[in-house]
Amino acid sequence: MSVYLHDIPLSQAQARIKEALQDSNLWRVLGVELIPLDENALGRVTAEPVWALNSSPHYHASAMDGFAVRAEETGGAQPSSPVQFRVSSDQLSVASDQSLLSQYVDTGDPLPDWANAVIPIENVESLDENGEITKAIRQPVLIRIRASVAPWSHVRPLGEDIVATQLVLPAGHSLRPADLGAIAASGHQTVRVARKPRVAILPTGTELVPIGSKLKAGDILEYNSLVMAAQVKAMGGEPTRYPITMDDFDLICGRVREAAQTHNLVLLNAGSSAGAEDFSSRVVETLGTLLVHGVAVRPGHPVIFGMVKKELGSRDEDYDFLIPTSSSVTPIIGVPGYPVSAALTVDIFVEPVIAKWLGRQPNELPIEMATLTRKLVSPPGDDDFVRVAVGKVGDKLLAAPLSRGAGVITSLVQADGLALLPSGVQGMDAGDPVQVRLYRSKAEIEKTIFCIGSHDMTLDLLAQFLAEHNRRLASANVGSQGGLIALRRGEAHLAGSHLLDTSTGEYNISYIRQYMPGIPVKVIALVGRDQGLIVKKGNPKGIKSLGDLNRPEARAEPSRSIQFVNRQRGAGTRVLLDYQLSLTGMNPDSIPGYFQEEYTHLGVAAAIASGRADCGLGIAAAAQALDLDFIPLFQERYDLVIPMEHAQSDLLVPLFELLSSRAFRDSVSKLIGYDVTVMGRIILEDRHD
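Okay, so let's go over this structure. These numbers were taken from a predicted model, which means no experiment stands behind them. Throughout this description, residue numbers start from 1 for each chain and increase along the sequence as written. Local features in this predicted model are restricted to residues whose pLDDT is 70 or higher, and side-chain atom pairs enter the listing and the counts only when it is 80 or higher, whereas totals over whole chains, interfaces and linings include all residues. To get the side-chain values, all heavy atoms of the structure are used, and hydrogens and water are removed first.

Secondary structure elements follow DSSP: runs of H or I of four or more residues count as helices, runs of E of two or more count as strands, with numbering from the N terminus. Helix and strand counts for the protein come out as 17 helices and 38 strands. Relative to the compact-globule value of 26 Å for 689 residues, the protein shows a C-alpha radius of gyration of 35 Å, a clear excess of over 25%. In terms of principal-axis extent, the alpha carbons of the protein reach across some 125 × 80 × 45 Å. Here the protein holds 689 residues, and 50% of them are scored as buried. Restricting to contacts in the protein with at least 6 residues of sequence separation, those with at least 24 account for 75%. Here the protein has roughly 31,300 Å² of accessible surface; of this, 51% comes from carbon and sulfur atoms. A positive count includes Lys and Arg, and a negative count includes Asp and Glu. His and the chain ends are not counted in either. Charge positions come from single atoms, namely NZ of Lys, CZ of Arg, CG of Asp or CD of Glu. For the protein, the distance from the average position of its 63 positive side-chain charges to the average position of its 79 negative side-chain charges is 5 Å. In this setup the radius of gyration rests on C-alpha atoms only. A globule is expected at 2.2 Å times the number of residues raised to 0.38. Only protein chains enter the accessibility calculation, which uses a 1.4 Å probe; a residue whose area is less than 20% of its type maximum is buried, one above 50% is exposed, and one in between is partly exposed. Here, two residues are considered to be in contact whenever any of their heavy atoms come within 4.5 Å of each other. Only the protein chains shown count as cover for residues, and the accessible areas themselves come from Shrake-Rupley with a 1.4 Å probe.

Patch construction takes residues with relative accessible area above 30% that form no salt bridge. Like charges are linked within 9 Å, and nonpolar side chains (Val, Leu, Ile, Met, Phe, Trp, Tyr) are linked within 5 Å. What counts as a salt bridge is simple: a side-chain nitrogen of Lys or Arg found within 4 Å of a carboxyl oxygen of Asp or Glu. On the surface, Ile211, Leu215, Leu221 and Leu226 cluster together into a nonpolar patch covering about 340 Å² of accessible area. Looking at where Leu221 falls in the secondary structure, it is placed in strand 15 (residues 220–221). What makes Leu221 partly exposed here is its relative accessible area of 31%.

Attention shifts here to the sheet that holds strand 6 (residues 101–105). The six strands lie next to each other as 7-4-6-5-9-8, forming an open sheet whose pairing is mixed. On the outer flanks of this sheet lie strand 7 (117–120) and strand 8 (124–127), each paired with one strand and no other. The sheet shows a mean angle of 40° between the axes of neighbouring strands, direction not considered. As paired elements, strand 5 (residues 83–88) and strand 6 share three bridges and run parallel to each other. Within the sheet, the bridge partner assigned to Arg86 lies in strand 6 and is Leu101. For two strands to be treated as a pair, DSSP must find at least two bridges joining them. Axis angles are defined between N-to-C directions and span 0 to 180 degrees, where every axis is a line fitted to C-alpha atoms and, for a helix, only to the segment in contact.

Buriedness of a pocket was judged along seven lines, with at least five required to meet protein on both sides within 12 Å; pockets are open sets of points on a 1 Å grid over the protein atoms alone, cavities are sets where a 1.4 Å probe fits but cannot get out, and lining residues have an atom within 4 Å of a point. Grid points are joined across faces, edges and corners, and a volume is the space filled by probe spheres set on the points. Size it by volume and the largest pocket reaches roughly 1,200 Å³. Together, 39 residues line the largest pocket, and Leu402, Gln414, Ser475, Ala476 and Asn477 are the ones closest to its centre. Per-element accounting of the lining of the largest pocket gives the leading share, six residues, to strand 30 (residues 472–477). Counted by class, the lining of the largest pocket contains 15 nonpolar, 14 polar and ten charged residues. Its boundaries defined by the atoms lining it, the second largest pocket holds a volume of some 1,000 Å³. Mapped by element, the contributors of at least two residues to the lining of the second largest pocket are helix 1 (10–23), helix 3 (224–235), helix 6 (339–358), strand 24 (383–393), helix 7 (410–414) and strand 26 (417–421). For this classification, Asp, Glu, Lys and Arg are treated as charged, while Ala, Val, Leu, Ile, Met, Phe, Trp, Tyr, Cys and Pro are nonpolar and the rest, including Gly, are polar.

Among the buried residues, those of types Ala, Val, Leu, Ile, Met, Phe, Trp, Tyr and Cys that are joined through side-chain atoms within 4.5 Å form a nonpolar core. Leu267, Val295, Ile333, Phe349, Val350 and Phe385 are the most contacted members of the largest nonpolar core, which has 43 residues in total. For this core, the secondary structure elements donating two or more residues are helix 1, strand 13 (198–203), helix 3, strand 17 (265–269), strand 20 (304–309), strand 21 (329–335), helix 6 and strand 26. When residues of this core are assigned to their parent elements, the largest contribution, twelve residues, is made by helix 6. Among the nonpolar cores identified, the runner-up in size contains 39 residues, and Leu466, Leu494, Phe664 and Met679 belong to it.

All right, on to the side chain of Arg529 then. The topology assignment puts Arg529 in strand 32 (residues 521–535). In terms of polar contacts, Arg529 uses its side chain to reach the side chain of Asp456, at 2.3 Å. A 3.5 Å cut-off defines polar contacts: any pair of N or O atoms within that distance qualifies, except that in protein one atom must be a possible hydrogen donor and the other a possible acceptor, and neighbouring residues in sequence count only when both atoms are side-chain atoms. Polar side-chain contacts of Arg529 include one of 2.6 Å to the side chain of Glu636.

Taken together, the six strands give an open sheet; going across it, the order is 16-13-17-21-20-18, and neighbouring strands pair in mixed fashion. Here the strands that pair on one side only, and so sit at the sheet edges, are strand 16 (238–241) and strand 18 (288–293). Geometrically, the sheet is characterised by an average inter-axis angle of 20° between neighbouring strands, direction not taken into account. Sheet topology places strand 20 next to strand 21; six bridges connect them, and they run antiparallel.

Moving on, we come to unusual backbone geometry. For the bond from Ser56 to Pro57, the omega torsion is -10°, close enough to zero to count as cis. Mapped onto the elements of the fold, Pro57 is located in the loop between strand 2 (50–51) and strand 3 (61–62). Despite not being glycine, Asn470 shows a phi value in the positive range, around 60°. By the element assignment, Asn470 lies in the loop between helix 9 (458–467) and strand 30.

Turning our eyes to something else, we now look at the pattern of salt bridges. A complete count under the given rule lists 30 salt bridges for this structure. As a salt-bridge pair, Arg176 and Asp179 come within 3.0 Å of each other at their nearest N and O atoms. Between Glu444 and Arg440 there is a salt bridge; the shortest N-O distance is 3.7 Å. Classification of Glu444 by relative accessible area gives partly exposed; the value is 33%. A single salt-bridge network, built from bridges that share partners, covers Asp416, Arg440, Glu444 and Arg472.

With that out of the way, let us pick up the side chain of Thr74. Tracing the backbone shows Thr74 in the loop between strand 4 (66–69) and strand 5. The class for Thr74 is buried, based on a relative accessible area of 0%. Residue contacts for Thr74: discarding those within four places in its chain leaves Val69, Phe85, Ile119, Ile145, Ser148 and Val149.

Another aspect to go through is helix 10 (residues 480–488). Buried within helix 10 we find Ser480, Gly483, Leu484, Ala486 and Leu487. One face of helix 10 carries all of its buried residues, which in axial projection span an arc of 155°. Of the surrounding elements, those touching the buried residues of helix 10 are strand 29 (448–453), strand 31 (495–497), helix 11 (509–515), helix 12 (572–584) and strand 36 (629–643). Of the residues one or two after helix 10, Gly490 is the one with positive phi, at around 75°. What the arc describes is the spread of directions from the helix axis to the C-beta atoms.

As structure tokens, this is what we get:
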């Protein structure tokens, strides 16, 4: 039997939330407030249409510095037969000597009643009383023109921009900078906007500690409330972050009851699953009605929704002057504790509610179809949202899946979009089309360099330098062999690779010919680097070489055993390890932890720092990053493999410039275990016919 109250599809959960809010008279704009028209109105949502009080401009205005004239009197003016006007300083309709009349005006000045056109100052000849050219171009006695003008030339007629009584902005419009100007131009000093919904965010968990705390084993930094508050604020709400509440049913009940009195929505973070200290569903049932517990969506499966009863006589002093919500309940959403689950739950369930309360349309990410770069497995009954890096290679838009762990907040930072594997789909193969909701604009994606292959820490530095040159580097770590296969399939601009050919001692070339037959490439050395064993600080187990990975004495003394952590199959580091083991005659099956895999050097280092392993083969910079010791064993070359069609494109020009940049070389050389003397050396350059 399911541990959840009732596991339901996403669409059904959303419909149930909407129905509950409608029944409680909460599926509407919650309130209206009148605010001053200033920069603080930016982003607010209009609660009613804005109608123009004034026309803009409210008079016929000159659009240029020049001379106001009657257009009809300029007829016949030609370069060979100019027409002359007397300049007046008042509103006289005719000059005393019956000559043609003009009057100087600056841009924005009202036109004299008798005028209907303006001649730009650069198109007139200023004359003195003797008919001679004068430098007093703004105060001449006469002017001479050599071309006629049409009526209303260089004039902004009354109402050109806005006509009094016309619609300036509709209700439900999020105010932009230009909108503020339009409202002001139409004669308003204030604007009626939807009240910001007040959202209480309640983090719970005895293991949680505030940001900035000194951490000990078992402590978890509480930053979900920070992320969710920022999301709510970006949506147009007004978040309140409450202090951490420990796992105590009565304490959580009290905090929820308090928040429900003065807020429009309560987000109860963590405790939404079914563990011994997961109290959220019981809290909601105790204080009101539990309507949803468990939604068929990943990440974010154990979502809760319900209604909490307000205490009789409670009111919000801050909003007495507003339209009241006239509801006796406050909606509550139980948000899962894992960071990715929490963030996506807010996007999926909170955004549509806040949009309705503000009277605007829900924010919708642009959707594109992309090609999946590797196989994905998905629970058949769930809508599965997968974070992906997105890049355009040739004419193909590609989606490379990132880490799928619900606790990996950096996967959201690195993600360019969300790929949706809908309910009923058990997975997708590499090359399948997939629907992607884009976090980034197409313009950004067009400037993205897509790198799939072996991981190296210099790629992170390269990404930073490329950002300063209007390029993005999006990386997916699949190992050297995986990178070459991705290039063969046209799924990347370049790949990092360090595959050793054990028969020749050369790197990468034989593998390129094997995995990329017939594809012209350019291979450039990025760095030389040390590979060795990463061990705990102080090397407590006295590890010296690969031979220590299978100590004979460990059978009698288990404490002498070494727990290894490996790189994934296809990684250059794995190839190097297997080659070195073959030279010693050591059977990989005899090494404890040989089949425990990580996808990056930092992943290996993290496994050792956390105590999951005693050592692993990796690079010195990864050991330094986590304050571990490093035993150097081998030196290797790490190359960038680039198909010639991309090597010759404008997209990669900044990358090649950086490889000869002293600033980039100096930054890499500060990392331990790197040799930059090889950087930029061309290893192979095929002809591109």
